[in-house]
Each structure stands twice: as structure tokens, then as C-alpha cells.
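# A closer look at the structure
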Amino acid sequence: MTQSPAGTPAQKQARAAASRIKLLIIVAILLGSGLALLAWTQTWVTTTIFSHSGGAQQLEIDGAIAAPALTALALAGLALGGALTIAGPIIRIVLGVLEVLLGVSVGIAAYGAVSDPAGASAGAITKLTGVAGKHAGDGVVTTSLTLWPYLALIAAVIMVAAGVAVLVTSSRWPGATSRFQATRLEPVAGADESTDISTDGTTDGSGDGSGPAASARPDTKTDRSTSSGDSIGDWDDLSRGEDPTR
């Protein structure tokens, strides 16, 4: 029994399942990268310090200060998710490795703020108090973390897991659609293949110029020789003093 080009029902189901897996992984990459980018814009650390005037002052440290590299990593993850939609098998492996590295980098940036909130706030504290170096945090009374650095850690885990999933499953993903494939020309069914085209541009049964099309053409060689002979005769008449028009 001849199978259709689309394959058996089992093959169709396998391709549909692979397409769903691909879609879920790409959505996970975009979700993790988007969550990391959102966390970067929010407040990570709330710090209370004593100012030079003697009063306590509260500082809110956002992700741009606590983890400045997070924005570039998140944007790279978003771009990677878009590239996966059209990437070939080899490029998918490369992108999967890059996604794992991006997730690890996001996790390191977020963990730095979680493990040392005062250190993550050092830049803002120095700007406010004018004290830099190891004594920048001497006036800090309290520091508290918000949920956003933890959400950045969750985003990092999602990105790493999605990158690993790409490495494991990308070989089973369906290929690019026909829009990304080269155009191939095929002969038209029923075309008359018995017709020969001769080198002089005539189309006949033998291509030697002896067919009906050749017989219908005027004998241009004879015409040219006759015209040449008449011209020579006219010049001879003129040289003898005779009128060639009579």
C-alpha cells in the first residue's frame, strides 16, 4: 500500500508532539527572559542608613544597581528565543548551549544581591554618603530584600532548564516550513517531449531545416546574388555610356 507524503498517522502524531515541545520550550525561554527583565526594573533591596545630618534615611535599590548585567542577559535570551523558531538542527544545539550560559549568568547576578544585600547597595550608599570602599556600609542600619531578586533566580532556573531541553529534544523538532526551503522546478505533466528545437531557432520534426517551416522561408541567398548581379550590370551599362533605365 502506498503511503501519502504526509506519512502514517503515527508519524503525524510524532511531528505534532515535537512541534508542541518546541513551542513550549520557546515560550519557556521567552518567559524566563521576560521575567528577568521585569525583575531588573523593580526594587531589590531596601536599606536604612544614617546620613551626615544625623537622621536615618531609607534607600530603595533597584535591579539596575544591584545587578546591572541583568538587562543585557535578559535581552539576549529574548533574541535567542526568536532565533530558535527558524534555526536548523546544528544552530539549535549552539543556541541551547548559549541559553544555558545565559541562565547561569542571570543566576549568578541575582545570587550576588541575595547573598550580600549591603554589597549590592554599595554604589547607591556611596553616592548618598560620599563614603567609598570598605567603610561605605558603616552607616547601614538595616537591609531587607524584596521578592524580585528571588524571582530573578527563578527566571535563571527556567532559562537553564529550557536550554537543557533544547539540547535534549531539538533533534526531534520539525524542520523549517516550505517558506524557508529552496524553490524547485519540475516538468509539467503531459508536455510534448518529442518536439526538438534546432540550433537555428526552428521547431520541426528533424531540426535540419527541411520541414514545412524551412520550405516557407524565402531563398535569401538567391535573392542576394540576383540583386548583386543586377547592380554590376547597371555599372557596366553606365561605363559604356548607355542608360541602364531603358
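Located above this text is the structure these notes cover.
The rules behind each value
- Residues numbered from 1 in each chain as written.
- Predicted model: local features only at pLDDT ≥ 70, side-chain atom pairs only at ≥ 80, totals over all residues.
- Heavy atoms only, no water.
- Helix = DSSP H or I, 4+ residues; strand = E, 2+ residues; numbered from the N terminus.
- Buried < 20%, exposed > 50% of the residue type's maximum accessible area, 1.4 Å probe, protein only.
- Contact = heavy atoms within 4.5 Å.
- Areas by Shrake-Rupley, 256 points an atom, 1.4 Å probe, with all protein chains shown as cover.
- Polar contact = N/O pair within 3.5 Å; in protein donor to acceptor, adjacent residues only side chain to side chain.
- Core = buried A, V, L, I, M, F, W, Y, C linked by side-chain atoms within 4.5 Å.
- Axes fitted to C-alpha atoms, helices over the stretch in contact; angles between N-to-C directions.
- Parallel < 35°, antiparallel > 145°, perpendicular 65-115°, else oblique.
- Left-handed = near helix turned anticlockwise from the far one by under 90°.
- Nonpolar A, V, L, I, M, F, W, Y, C, P; charged D, E, K, R; others polar.
- Patch = residues over 30% accessible without salt bridge, like charges linked within 9 Å, V, L, I, M, F, W, Y side chains within 5 Å.
- Salt bridge = Lys/Arg side-chain N within 4 Å of Asp/Glu carboxyl O.

## Examining the overall build of the protein chain
- Each helix and strand in the protein chain was counted, giving nine helices and five strands.
- Listing each helix as α and each strand as β along the protein chain from the N terminus yields α-β-β-α-α-α-α-α-β-α-β-β-α-α.
- Relative to its 246 residues, the protein chain shows a buried fraction of 27%.
- Restricting to contacts in the protein chain with at least 6 residues of sequence separation, those with at least 24 account for 72%.
- As displayed, the protein chain has an accessible area near 15600 Å², and 62% of this comes from carbon and sulfur atoms.

## Re the environment of serine 115
- Note that serine 115 resides in helix α4 (residues 89-115).
- Since its relative accessible area comes to 46%, serine 115 is described here as partly exposed.
- Only 3.3 Å separates the side chain of serine 115 from the backbone oxygen of glycine 112, close enough to count as a polar contact.

## Here we look at the nonpolar core
- Ranked by internal contacts, the top residues of the largest apolar core, which has 32 residues, are Ile29, Trp44, Leu70, Leu84 and Val106.
- Among the elements of the structure, α1 (9-40), β1 (43-50), β2 (56-62), α3 (70-84), α4 and α7 (148-169) are those that each provide at least two residues to this core.
- Once residues within four sequence positions are removed from consideration, leucine 84 is found in contact with Lys22, Ile26, Ile29, Arg92, Leu95, Val166 and Trp173.

## Side note on the packing of α1 against α7
- Between α1 and α7, the shortest axis-to-axis distance is 8 Å and the interhelical angle comes to 155°. In terms of orientation, α1 and α7 fall into the roughly antiparallel class. At the point where α1 passes α7, the crossing takes the left-handed sense. Each of Ile21, Ile25, Ala28, Ile29, Gly32, Ser33, Leu35, Ala36, Leu38 and Ala39 in α1 lies in contact with α7, whose residues at this interface are Trp148, Leu151, Ala152, Ala155, Ile158, Met159, Ala162, Ala165, Val166 and Thr169.
- Class assignment of the residues belonging to the contact of α1 with α7 gives a composition of 17 nonpolar, three polar and no charged.

## Remarks on a nonpolar patch on the surface
- On the surface, a nonpolar cluster with roughly 850 Å² of combined accessible area is contributed by Ile90, Ile91, Ile93, Val94, Val97, Leu98, Leu101, Val164, Leu167 and Val168.
- If one sorts the elements of the nonpolar patch by residue count, α4 sits on top with seven residues.
- Tracing the sequence through the fold places leucine 101 in helix α4.

## Notes on the environment of alanine 74
- Here alanine 74 lies in helix α3.
- With 38 residues separating them along the chain, alanine 74 and alanine 36 place their C-alpha atoms 5.8 Å apart.
- Excluding residues within four positions of it along the chain, alanine 74 makes contact with Ser33, Ala36 and Leu37.

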